[in-house]
Amino acid sequence: MDSYILFLLLGLGAGAVYALLGLGLVLKYRSSGVVDFGHAAVAMFCAYVYIELRSNGKLEFPWVLIPHEVSVASASGTSQFVAIVASLAYGALLGLVFYALLYRPLRQAPALARVAASVGVMLYLQAIAVINFGTFALSSPPILPSTPVNIGGIGVPSDRLYLAGITVVIAVVLALIYKRTRFGLATQAVAENERGASLLGYSPNRISAYNWVIATLLAVAAGILILPITTLNPGTYTLFIVPALGVALIARFSSFTVTVIAGLLLGMFQSELTKLQAVWSWLPQNGLQDGVPFVLIMIGMTVLAKRLPSRGVTGALRNASIGRPRRPWTTAGITFAIGLVGLLVASSLYRTAIISSMITACICMSVVIITGYVGQISLAQSALSGVSAFMLSHIAHSLGIGFPLGLILAALCAVVVGVVIGIPAVRVRGVNLAVVTLATAAALDALVFNADWFSGGYVGRDVKNPHLLGLNLGISTTGNTLVFGITVLVIVVLVGVFVARLRNSPTGRMFIAVRSNEQAAASVGVNVARTKLFAFAISAFVAGIGGGLLGYQQGNINAESFTVFTSLTILAITYVGGVARIFGAVAAGLLLASNGLVPTLLDQLFDFGTYQAVIAGLLMMITAVANPDGIATEMQRGFRELTGKIGGALGIGRPAVATAAAGGGTAAESDAAADPSREPAHT
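The rules behind these values
Residues numbered from 1 in each chain as written. Predicted model: local features only at pLDDT ≥ 70, side-chain atom pairs only at ≥ 80, totals over all residues. Heavy atoms only, no water. Helix = DSSP H or I, 4+ residues; strand = E, 2+ residues; numbered from the N terminus. Rg over C-alpha atoms; globule rule 2.2 N^0.38 Å. Buried < 20%, exposed > 50% of the residue type's maximum accessible area, 1.4 Å probe, protein only. Contact = heavy atoms within 4.5 Å. Areas by Shrake-Rupley, 256 points an atom, 1.4 Å probe, with all protein chains shown as cover. Patch = residues over 30% accessible without salt bridge, like charges linked within 9 Å, V, L, I, M, F, W, Y side chains within 5 Å. Salt bridge = Lys/Arg side-chain N within 4 Å of Asp/Glu carboxyl O. Disulfide = S-S within 2.5 Å. 1 Å grid on protein atoms, 1.4 Å probe; cavity = no way out; pocket = protein on both sides within 12 Å on 5 of 7 lines; lining within 4 Å. Points joined across faces, edges and corners; volume = space filled by probe spheres on them. Nonpolar A, V, L, I, M, F, W, Y, C, P; charged D, E, K, R; others polar. Phe/Tyr/Trp six-rings, centres within 6.5 Å; stacked < 30°, edge-to-face > 60°. Pairing = 2+ DSSP bridges. Axes fitted to C-alpha atoms, helices over the stretch in contact; angles between N-to-C directions. Parallel < 35°, antiparallel > 145°, perpendicular 65-115°, else oblique. Left-handed = near helix turned anticlockwise from the far one by under 90°. Expected span 1.5 Å × (residues − 1). Arc of directions from axis to C-beta. Polar contact = N/O pair within 3.5 Å; in protein donor to acceptor, adjacent residues only side chain to side chain. pLDDT = per-residue confidence, 0-100.

Participant: What am I meant to see in the overall build of the chain here?
Facilitator: A count of helical and extended segments in the chain gives 30 helices and eight strands. Against the 2.2 N^0.38 benchmark of 26 Å for 683 residues, the chain shows a C-alpha radius of gyration of 26 Å, consistent with a compact globule. The buried share of the chain, taken over its 683 residues, is 56%. Taking the intrachain contacts of the chain between residues at least 6 apart in sequence as the baseline, contacts between residues at least 24 apart amount to 77%. Of the roughly 27,100 Å² of accessible surface on the chain, a fraction of 66% belongs to carbon and sulfur atoms.

Participant: Explanation requested: a nonpolar patch on the surface in the structure shown.
Facilitator: Judged by side-chain polarity, Trp-63, Leu-65 and Ile-66 come together as a nonpolar surface patch covering roughly 330 Å² of accessible area. Within the fold, Ile-66 resides in the loop between β1 (58–60) and β2 (69–71).

Participant: Can you help me understand the state of the cysteines in this one?
Facilitator: Inspection of every chain in the model, using the stated rule, returns zero disulfides. Looking at Cys-362, it has no disulfide partner, and the nearest cysteine sulfur is the one in Cys-364, 9.2 Å off. Given the relative accessible area of 0%, Cys-362 is considered buried.

Participant: Quick question: what am I supposed to make of empty space enclosed by the protein here?
Facilitator: The method is simple in principle: a probe with the dimensions of a water molecule rolls over the atoms, and the space it marks as empty is what remains. A complete count under the given rule lists two cavities of 30 Å³ or more for this structure. Estimates place the volume of the largest cavity at around 40 Å³. Lining of the largest cavity is provided by Lys-28, Asp-36, Val-42, Gly-95, Phe-98, Tyr-103, Val-121, Trp-212 and Thr-216. Taken together, the residues of the lining of the largest cavity sort by class into five nonpolar, two polar and two charged. Reported here for the second largest cavity is a volume of approximately 30 Å³. In this structure, the second largest cavity is lined by Leu-591, Leu-592, Pro-599, Phe-608, Gln-612, Ile-615 and Ala-616. Here the lining of the second largest cavity is built from residues that sort into six nonpolar, one polar and no charged.

Participant: It is not clear to me how the pattern of salt bridges should be interpreted in this structure. Could you clarify?
Facilitator: For the structure on display, the rule yields four salt bridges. A salt bridge links Asp-159 to Arg-160; the shortest N-O distance between them is 3.4 Å. Grouping residues by exposure puts Asp-159 and Arg-160 together as buried.

Participant: Please clarify how the packing of aromatic side chains should be interpreted in this entry.
Facilitator: The description of an aromatic ring pair uses the distance of the two centres, along with the angle that the planes make with each other. Per the stated rule, a full pass over the model turns up 20 aromatic pairs. Ring geometry for Tyr-178 versus Phe-256: centroids 5.6 Å apart, planes at 55 degrees, classification tilted. Separated by 78 residues along the polypeptide, Tyr-178 in helix α6 (residues 158–180) and Phe-256 in helix α12 (residues 256–279) bring together distant segments of the chain. Residue classification places Tyr-178 among the buried residues on the basis of a relative accessible area of 5%. Among the aromatic side chains, those forming a connected cluster through ring pairs are Phe-390, Phe-449, Trp-453, Phe-454 and Phe-562.

Participant: Explanation requested: the pairing of strand β4 (residues 154–157) in the structure shown.
Facilitator: Two elements, strand β3 (residues 148–151) and β4, share four bridges in a ladder whose sense is antiparallel. Along β4, the bridge assignment pairs Pro-148 with Pro-157. The turn joining β3 and β4, which pair antiparallel and follow one another in sequence, is formed by two residues; a positive phi near 60 degrees is taken by Gly-152.

Participant: I'm lost on the packing of helix α7 (residues 182–192) against helix α9 (residues 204–225) in this one. Help?
Facilitator: How two helices pack is summed up by the angle between their axes together with the distance between the axes. The contact between α7 and α9 brings their axes to 10 Å, and the two run at 115 degrees. The pairing of α7 with α9 is recorded here as roughly perpendicular in orientation. Between α7 and α9 the crossing geometry is left-handed. Where α7 abuts α9, its residues Phe-183, Ala-186, Thr-187 and Val-190 lie against Pro-204, Ile-207, Tyr-210, Asn-211 and Ile-214. Here the contact of α7 with α9 is built from residues that sort into seven nonpolar, two polar and no charged.

Participant: What is the right way to look at unusual backbone geometry in this model?
Facilitator: A negative phi angle is the norm for most residues apart from glycine, just as the trans form is the norm for most peptide bonds. The step from Phe-403 to Pro-404 runs through a cis peptide bond, and the omega angle for that step is 0 degrees. Of note, Pro-404 is situated in the loop between α16 (381–399) and α17 (405–422). Here Leu-65, not a glycine, exhibits a phi torsion of approximately 70 degrees, which is positive. Within the secondary structure, Leu-65 is located in the loop between β1 and β2. For Leu-65, a relative accessible area of 71% puts it in the exposed group. Look at Leu-469: it is not a glycine, yet its phi comes out positive at around 55 degrees. Along the chain, Leu-469 falls in the loop between β6 (467–468) and β7 (471–472).

Participant: Just to check I follow, could you spell out α16 for this structure?
Facilitator: Taking 1.5 Å per residue, 19 residues should reach 27 Å; α16 reaches 26 Å between its end C-alpha atoms and fits that length. Of all 19 residues making up α16, 15 are buried, and the element is well covered by its neighbours. Positive phi shows up at Gly-400, right after α16, with a value of about 70 degrees.

Participant: Would you mind going over the environment of Val-130 with me for this structure?
Facilitator: Its place among the elements puts Val-130 in helix α5 (residues 111–133). The class for Val-130 is partly exposed, based on a relative accessible area of 32%. Considered as a pair, Val-130 and Ala-613 are 483 residues apart in the sequence and their alpha carbons are 10.0 Å apart.

Participant: Can you walk me through α7 in this structure?
Facilitator: The periodicity of an α-helix, 3.6 residues per turn, causes residues three or four places apart in sequence to face the same way. Taken together, the buried positions of α7 are occupied by Gly-184, Ala-186, Thr-187, Val-190 and Ala-191. Projected down its long axis, α7 carries its buried residues within an arc of 160 degrees, all on one side. Among the exposed residues of α7, those oriented more than 90 degrees off its buried face are Arg-182 and Glu-192. Check the buried side of α7 and you find it contacts α2 (12–32), α6, α8 (194–199) and α9.

Participant: What should I look at first to understand the side chain of Arg-30 in this one?
Facilitator: Examined against the element boundaries, Arg-30 turns out to sit in helix α2. Its relative accessible area of 12% is what places Arg-30 among the buried residues. Of note is the side chain of Arg-30, whose polar atom sits 3.1 Å from the backbone oxygen of Ser-254.

Participant: Please explain the confidence of the model for the chain as it appears in this structure.
Facilitator: When pLDDT drops low, the exact placement of atoms in the prediction is not to be read closely. Mean pLDDT over the chain works out to 87, with 90% of the residues at or above the 70 mark. Confidence drops under pLDDT 50 across residues 653–683; counting only partners more than four residues distant or on other chains, this segment forms 75 contacts.

Written out as structure tokens, the structure reads:
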């Protein structure tokens with residue numbers, strides 16, 4: 001029994017970190033309405049700043065290419081006290097910069113823009129850390145006293161108790177500040193009614209900035225204090241955001257006391273599971289602890305969804321405009337012809353890049369459906385494609401079912417998971433749904449994709465080449481990818497036509513009605529719950545098709561292809577391309593996809609691949625603030641202007657082919673005037 005109690009007490013360290021991060025999330029949400037997915041990434045980067053100051057006296061900066069470090073002390077490093085104080089000050093400044101440049105302009109932005117911005121911060125800082133510091137795990141000498149303390153005959157490292165005590169004290173101080181001081185009351189006023197608070201003489205921006213700095217200080221403190229207990233690497237630290245979101249959600253983003261209690265209990269329970277895994281061999285041995293926050297979040301959403309706090313904001317929210325394909329079959333024909341020519345003339349390297357772009361575009365189209373058309377923010381699309389890819393291998397090897405039925409069945413397996421993910425969407429939406437889908441992606445990554453029985457572990461699983469009527473449609477034994485590229489092109493073009501016709505169908509109009517106003521949609525007879533679940537199902541099917549194609553391309557798949565960060569990257573590049581447009585998904589695949597066409601070209605010329613994740617995160621932040629419609633809108637506008645000038649010079653007006661490719665021209669634009677959602681009519 002003593003060992004069970006010991007493991008419970010050992011979990012106080014991790015629980016204190018979850019609680020401190022959760023307190024910061026609560027402060028940020030109460031003051032500015034932002035659920036900051038990049039919160040733990042800031043803690044991670046500042047932990048690296050602390051280690052570098054402590055070990056070699058260098059101050060690190062969050063950028064690449066230009067010098068990113070400067071010596072501020074001797075090569076032996078600074079004292080522990082100086083390193084902690086400097087790292088806290090650094091974190092406060094970093095938080096203030098992010099708020100001023102990114103989150104302040106998004107105070108009246110829709111939830112998707114704010115989620116996109118914070119995910120961009122997460123991806124950016126994580127990529128910067130990988131480039132500048134590597135992925136090797138680092139550790140730190142003790143910061144708090146760690147001499148074992150005897151509790152009931154059990155020796156418990158004292159640093160866990162100190163961490164828990166510090167967290168409780170911070171929560172008490174915050175509770176007193178926000179209930180008894182003028183600043184705390186002003187923060188509450190801003191959270192409830194920004195316009196009213198402004199009339200009373202409070203500046204919502206200034207109040208939010210102060211809270212953002214305090215929240216960042218809490219995150220940095222958590223990141224530094226946990227260093228002697230765990231190891232520092234970019235991935236693990238960044239994903240602390242999942243349990244932190246869980247405890248903040250249980251606290252309804254409002255209660256400091258509940259946040260601390262939930263965080264400590266979660267850490268203790270995760271630690272106890274480590275003991276139970278050794279006692280009960282039937283428990284999953286990989287990822288069980290990481291799956292607990294998912295269960296916590298699902299329970300929180302189910303029980304508390306109707307009571308989650310809302311904030312009063314000023315100004316109208318503008319979602320990204322939705323394209324309206326006018327001639328999908330004509331556009332599909334042109335796209336197929338361009339793709340076929342590209343596959344025929346490209347070298348082996350660039351043909352592979354074109355195939356990667358098309359597969360990524362297919363997965364991105366699933367984001368267009370669920371997020372662009374229906375307004376449901378999903379961070380699990382790559383995880384859904386992973387379910388399909390692994391099931392494709394199981395179906396082929398266990399059932400002997402080949403292409404194309406095997407691909408369809410694998411995508412239907414993803415549909416089942418997608419509908420399960422979509423069940424909370426019946427009750428919640430916006431950023432709360434983003435929390436659920438992020439937790440789902442993390443749980444699938446930890447519990448399913450790393451399970452030997454499902455994914456083959458480190459070895460992975462082989463995927464058989466697609467065959468049809470005796471013809472090998474896959475990559476040949478000599479590495480020739482032409483036939484497979486044409487197969488992928490046909491499938492992706494058909495998926496694009498399907499998504500286009502879905503947009504123009506009665507179902508598509510129901511999707512858009514739900515996105516615009518759920519209550520108004522329900523008042524005219526739209527079954528909102530059924531529509532959301534149907535959208536999740538269709539989106540999962542499209543993501544599953546993309547995952548199956550990825551499995552065919554790679555030949556052997558493993559968990560590394562479908563991590564949480566891959567799911568976040570899929571949202572990032574789709575958002576930058578144009579989250580509500582088919583052309584945006586295509587642009588994302590061509591311009592931003594890992595191993596895609598343009599990145600491969602740039603990598604050959606400028607070694608671009610090293611910085612791809614950095615650029616994706618940076619572009620996502622810029623797009624959220626400057627152009628929520630994505631680059632697809634600007635590309636189409638430029639294309640129409642160019643073809644219009646060419647047509648005018650030739651005296652034939654706008655060429656018919658150009659009109660079809662651009663999305664319907666002026667006729668489509670005139671139709672938008674009659675659309676209740678007032679969306680421009682472009683593909």
